[in-house]
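A structural walkthrough
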Amino acid sequence: MSKDAGNPVQAEMPRVSRLVENQNDERFINYDYRETPPREVLSWLQRRTRVLCSYLIVKKCLPVLSWLPRYQCSFATYDLIAGFTVALTAIPQSIAYGILSNLGPQYGLYSNIIGCLVYAVFGSVKDVTIAPTSLTAIMVQDVVKELEYGTALLTFLSAVVTISFGVLNLGVLVRFISIPVVMGFTSAACLTIGSAQVRSLLGIKTQGKRSDFVTSWTNVFTHLDEVRKADCILGCCSILILCSLRLTKDLGEGRWRTFFKYLGLLRNALIVVLGATLAYFLTADMDNPTFNLTGTVPAGLPDFQVPPFSYTNENGTFYSFTDMLGVMRTSIITIPLVTTLEIVSVGKAFSKGKIIDATQEMIALGVANLLVSFCSPLPVAGSFTRSALNNSSGVRTTMSCAVTAVMLTLSLALLTNAIYYIPKTTLASVVISAMLFMVDYEEIGNIWRTKKLDLIPFLATALACLFYELDYGILVGIGINCGILLYLMSTPGLSSEEIQLVGQRILLIKIDQSLAFSSAERLRDWIIKRIGQRDNIDLVVIDGHNIHFADTTVAKSFVDIEEDLRTRNIQLLLWRFQCNVALTLLRMRKELFITMLRADVQLQDAVARWKHLHPLPLASIN
């Protein structure tokens with residue numbers, strides 16, 4: 001005779017309809033409710049090792065091995081044009097961002113050369129260009145003021161963090177940075193970057209202690225007596241020309257349309273050439289030039305050196321490795337997060353529906369910054385402006401990045417004398433005009449129209465970035481977003497309905513999402529409160545159709561709910577629970593929950609079959 005023959009519950013189970021929605025699960029058929037053990041670690045490691053040592057993974061990590069063997073001669077023309085066109089814009093922008101970061105103009109070019117060379121080998125999106133950006137420049141400003149060239153260690157550590165994220169496939173962390181947080185950070189960064197350039201635009205030589213939003217404007221207003229009329233006029237005229245060329249790039253038809261298009265794309269190079277030419281002819285006395293000039297840029301390539309793990313700045317202040325980490329603070333994490341977000345966003349913008357390998361992009365970015373740290377303190381990221389220029393030039397492969405790198409190298413060898421005459425106000429106008437169009441005003445309007453709750457992380461991020469620091473500002477936004485997410489997880493939508501079926505007065509409870517430990521106590525209190533507001537309830541039915549996850553705390557809470565109801569002579573039925581949730585409950589207390597679970601399509605059938613196994617409490621019979 002079977003050992004289960006005397007057990008009425010086990011004898012009844014084959015005859016009743018269903019316990020859970022997936023009644024075919026072998027664990028229910030065999031009455032085996034144990035949690036599936038994890039895969040054997042050794043077996044998993046062996047499989048991963050075979051995958052990592054395969055040629056396929058090498059091709060995945062080095063996309064150049066995929067496109068180079070299939071490279072066609074017809075591609076060369078497009079890549080050369082794209083690389084040359086991008087270089088014309090990259091030269092003035094790299095110089096401007098090198099100055100913006102409080103480093104020399106040459107460091108922007110150094111970083112751009114290495115970034116382009118690395119992405120030509122490791123990049124997976126043909127349109128993307130890796131280069132110094134306004135965000136990376138502004139995020140290292142304060143560190144540069146204290147550590148100077150020692151900031152190369154920040155670039156090195158950021159690269160290590162980025163590569164680690166890529167190897168561990170932690171690109172998922174970027175998902176915790178929502179659109180409102182990104183918009184708040186970007187808007188504040190644009191205002192901060194633009195404000196930092198107002199000084200150079202007006203010809204003011206005195207530099208503030210910091211380059212944040214408040215300090216930049218304080219420095220301008222306290223040194224208005226230093227405003228140079230020539231710089232101010234040239235800078236304002238440059239901004240007007242740059243904005244006009246940008247707004248007129250789609251004018252005309254046929255050849256005129258093409259002309260205006262490329263005139264708009266090359267506007268930065270054009271305005272810098274005009275500014276340098278004007279400065280050259282108007283400067284008669286080199287000791288007292290008409291405009292504030294960029295000055296001497298060392299010719300040739302930089303010396304490669306290991307990033308300093310201790311540093312003594314020009315003031316003679318010595319910084320140990322620990323001291324340098326104290327200066328960098330959260331930048332070690334925020335720079336990898338922001339630069340990863342930039343390159344993935346740029347890649348998605350130009351992928352034309354193709355799936356972007358975020359892990360590979362993180363590895364490419366990390367390797368680029370790793371090599372950059374050996375010759376420049378200025379980190380690189382995905383540049384939207386130069387990537388758009390690459391795309392519009394008909395680029396075919398990442399070979400265009402290599403062409404851009406060659407052109408930048410030639411500029412360091414041949415054009416340093418010309419770079420000397422570039423007015424700082426012209427470079428400031430290039431940065432400010434870019435910032436005017438970088439803010440996505442339409443997206444901010446979408447936030448207002450779509451969900452006004454999202455204005456909280458948006459404004460919090462923007463204000464924290466503007467009036468405190470960019471690094472901490474984005475962390476504030478992420479923290480608020482996570483707090484909102486935790487609140488939503490902790491407050492599932494609950495509704496109740498009182499009905500009568502099969503002679504039972506039933507209170508039907510519906511839950512609209514999964515349950516976690518933070519929501520367990522709220523569910524219990526809510527049910528007890530609703531029971532207290534009603535009389536003569538015989539049965540509480542919890543509809544678990546929308547519950548896809550439950551943890552130990554939730555399972556224990558269901559035990560407590562059953563005990564609380566039993567003291568009131570009310571019974572509990574769990575209806576339409578998912579298989580994995582039911583298994584969690586059964587592992588908590590099998591003998592209690594096995595008679596509660598029902599998954600019949602109709603509630604009436606579930607109550608009827610449940611009632612067959614549960615005699616009514618004496619109080620209800622009387």
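First, a word on what this report is: a plain description of the structure on this page. (Residues numbered from 1 in each chain as written. Predicted model: local features only at pLDDT ≥ 70, side-chain atom pairs only at ≥ 80, totals over all residues. Heavy atoms only, no water.)

1. A look at the packing of aromatic side chains
For the structure shown, the criterion picks out 16 aromatic pairs. A ring pair is formed by F558 and F577, whose centres lie 5.8 Å apart and whose planes are at 75 degrees; its orientation type is edge-to-face. Of this pair, F558 sits in helix α27 (residues 552-566) while F577 sits in the loop between β8 (571-575) and α28 (579-588), and the two are 19 residues apart along the sequence. The pair F558 / F577 is uniform in exposure class, with both members buried. Above the ring of Y78, the side-chain terminus of R396 is found at 3.8 Å from the ring centroid. The ring of W448 is capped by K452, whose NZ or CZ atom sits 4.6 Å from the centre of that ring. (Phe/Tyr/Trp six-rings, centres within 6.5 Å; stacked < 30°, edge-to-face > 60°. Helix = DSSP H or I, 4+ residues; strand = E, 2+ residues; numbered from the N terminus. Buried < 20%, exposed > 50% of the residue type's maximum accessible area, 1.4 Å probe, protein only. Lys NZ or Arg CZ within 6 Å of the ring centre and 35° of its normal.)

2. Concerning the nonpolar core
Grouped together as the largest cluster of nonpolar side chains are 93 residues, with contacts concentrated most on Y119, F185, I193 and M328. Residues in contact with I193, not counting those within four places in the same chain, are L100, S134, L135, I138, V431 and M435. Ranked by size, the runner-up nonpolar core spans 34 residues in total, among them I511, V540, A555 and F593. (Core = buried A, V, L, I, M, F, W, Y, C linked by side-chain atoms within 4.5 Å. Contact = heavy atoms within 4.5 Å.)

3. Concerning the sheet that holds strand β6 (residues 504-511)
Strand order in the open sheet formed by five strands is β5-β6-β7-β8-β9, with mixed pairing between adjacent strands. This sheet does not close on itself; its edge strands, each paired only once, are β5 (494-501) and β9 (597-598). The pairing of strand β7 (residues 539-543) with β8 spans five bridges and is parallel. Paired with I542 across the two strands is L574, which belongs to β8. Those strands touched by α27 are β7 and β8, and its axis lies near 145 degrees from that of β8. (Pairing = 2+ DSSP bridges. Axes fitted to C-alpha atoms, helices over the stretch in contact; angles between N-to-C directions.)

4. Here's the deal with the side chain of N219
Inspection of the secondary structure assignment puts N219 in helix α12 (residues 213-222). Setting aside chain neighbours within four positions, we find N219 in contact with R199, T206, Q207 and G208.

5. Some details on the pattern of salt bridges
Enumeration according to the criterion identifies twelve salt bridges in this entry. With its nearest N and O atoms 2.7 Å apart, the salt bridge here joins D231 to R228. With relative accessibility at 21%, the residue R228 sits in the partly exposed group. For D600, the salt bridge is made with R609, and the minimal N-O distance between the two is 3.0 Å. (Salt bridge = Lys/Arg side-chain N within 4 Å of Asp/Glu carboxyl O.)

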